[in-house]
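Chain residues, written in single-letter form:
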Amino acid sequence: MLIIGITGTLGAGKGTVVDYLTREKGFNHYSVRQYLLDEIRKRKMPENRDSMVVVANEFRRLNSPSFITDQLYVQAVRTGKNAVIESIRTPGEIDSLRKKGSFYLFAVDADAKTRFDRIKKRNSETDQVDFETFLLNEQREMTSDDPNSQNLQKCREMADFVFSNDGTVNELYGKVEEVLRGIGL
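Residues numbered from 1 in each chain as written. Predicted model: local features only at pLDDT ≥ 70, side-chain atom pairs only at ≥ 80, totals over all residues. Heavy atoms only, no water.

1. Re the nonpolar core
Working step 1: Counting residues in hydrophobic clusters, the biggest one holds 26 residues, and the most contacted among them are Ile3, Leu36, Ile68, Ile85, Ile88, Ile94 and Phe103.
Working step 2: Broken down by secondary-structure element, the contributors of at least two residues to this core are α2 (32-42), α3 (49-62), α4 (67-79), β3 (83-86), α5 (91-99), β4 (103-109) and α8 (152-158).
Working step 3: Top element by residues in this core is α4. It accounts for 5 residues.
Working step 4: Not counting residues up to four positions away in its chain, the partners in contact with Leu36 are Met52, Val55, Ala56, Phe59 and Ile68.
Working step 5: Among the nonpolar cores identified, the runner-up in size contains 18 residues, and Ala12, Val17, Val84 and Val176 belong to it. (Core = buried A, V, L, I, M, F, W, Y, C linked by side-chain atoms within 4.5 Å. Buried < 20%, exposed > 50% of the residue type's maximum accessible area, 1.4 Å probe, protein only. Helix = DSSP H or I, 4+ residues; strand = E, 2+ residues; numbered from the N terminus. Contact = heavy atoms within 4.5 Å.)

What follows is the structure, encoded as structure tokens:
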């Protein structure tokens, strides 16, 4: 069983990589975002990025920095199939998944304006922000000394493979396929 973790900046194309892995390679998909949204709905909190950060950091603080991805990993193991865990945000999550073996981390990034345009088209419940708020949200998640808080910059540095996604979807798919062949998939 192979696990691929996906990290990256807001709107960079993490979901596009997940779509490719699930559709073309038969991976099962496990989403940190969905895990958090389910909890936010149980708590009847506003469905926005602020709530996601609060809930995620609380889970990590009360349990461990890798709590959420550890829960998703347990679900993945039950199936025994290759899995992709989307939206890894802390170095602790990466460390925990690496210890389990057969793990690669993919990071996705693109120009900020391109990413903002993508989230506006995506139009999810957490994407209803202006460009300034988008940049502030990202900056809040970019670095932290707190192991229970998001640190996208460190996650990118820890990635096995980094994909620049300023081109077309097919170009991104080609880059992913090249890496998959390189790791024997």
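2. So, the environment of Ile40
Working step 1: With respect to the element layout, Ile40 can be found in helix α2.
Working step 2: Ile40 sits 20 residues away from Tyr20 along the chain, and the two C-alpha atoms are 28 Å apart.
Working step 3: Those residues in contact with Ile40 that lie beyond four places of it in its chain are Met45, Pro46, Glu47, Ser51, Met52 and Val55.

3. Section: α2
Working step 1: Taken together, the buried positions of α2 are occupied by Val32, Leu36, Leu37, Glu39 and Ile40. Each buried residue of α2 sits inside an arc of 165° when the element is viewed along its axis, so together they form one side.
Working step 2: Close packing links the buried residues of α2 with β2 (28-31), α3, α4 and β3.
Working step 3: Between the side-chain oxygen at the start of α2 and the backbone nitrogen of Arg33 there is a gap of 3.3 Å, and the oxygen is on Ser31.
Working step 4: At the exit of α2 stands Lys44, carrying a positive phi of roughly 55°. (Arc of directions from axis to C-beta. Polar contact = N/O pair within 3.5 Å; in protein donor to acceptor, adjacent residues only side chain to side chain.)

4. Quick notes on the side chain of Ser51
Working step 1: Residue position: Ser51 is located in helix α3.
Working step 2: Residue classification places Ser51 among the buried residues on the basis of a relative accessible area of 6%.
Working step 3: What Ser51 contacts, discounting residues up to four positions off in sequence, is Ile40, Met45 and Pro46.

5. A short note on the pairing of β4
Working step 1: With 5 of its 7 residues buried, β4 lies for the most part within the structure.
Working step 2: In terms of strand pairing, strand β1 (residues 3-8) meets β4 through 6 bridges, oriented parallel. The residue bridging Thr7 from the neighbouring strand is Ala107, located in β4. (Pairing = 2+ DSSP bridges.)

6. What to know about the sheet that holds β2
Working step 1: In space, the 5 strands of this open sheet follow the order β2-β3-β1-β4-β5, with parallel pairing throughout. Strands with a single pairing partner mark the edges of an open sheet, and in this sheet they are β2 and β5 (161-164). On average, adjacent strands in this sheet sit at an angle of 25° to one another, irrespective of strand direction.
Working step 2: Sheet topology places β1 next to β3; 4 bridges connect them, and they run parallel. Of the residues in β3, the one forming a bridge with Ile6 is Glu86.
Working step 3: Against the sheet, α4 engages β1, β2 and β3, with an angle of about 160° to β2.
Working step 4: In the packing of helix α9 (residues 169-182) onto the sheet, contacts are made with β1, β4 and β5, and the angle to β5 comes to roughly 165°. (Axes fitted to C-alpha atoms, helices over the stretch in contact; angles between N-to-C directions.)

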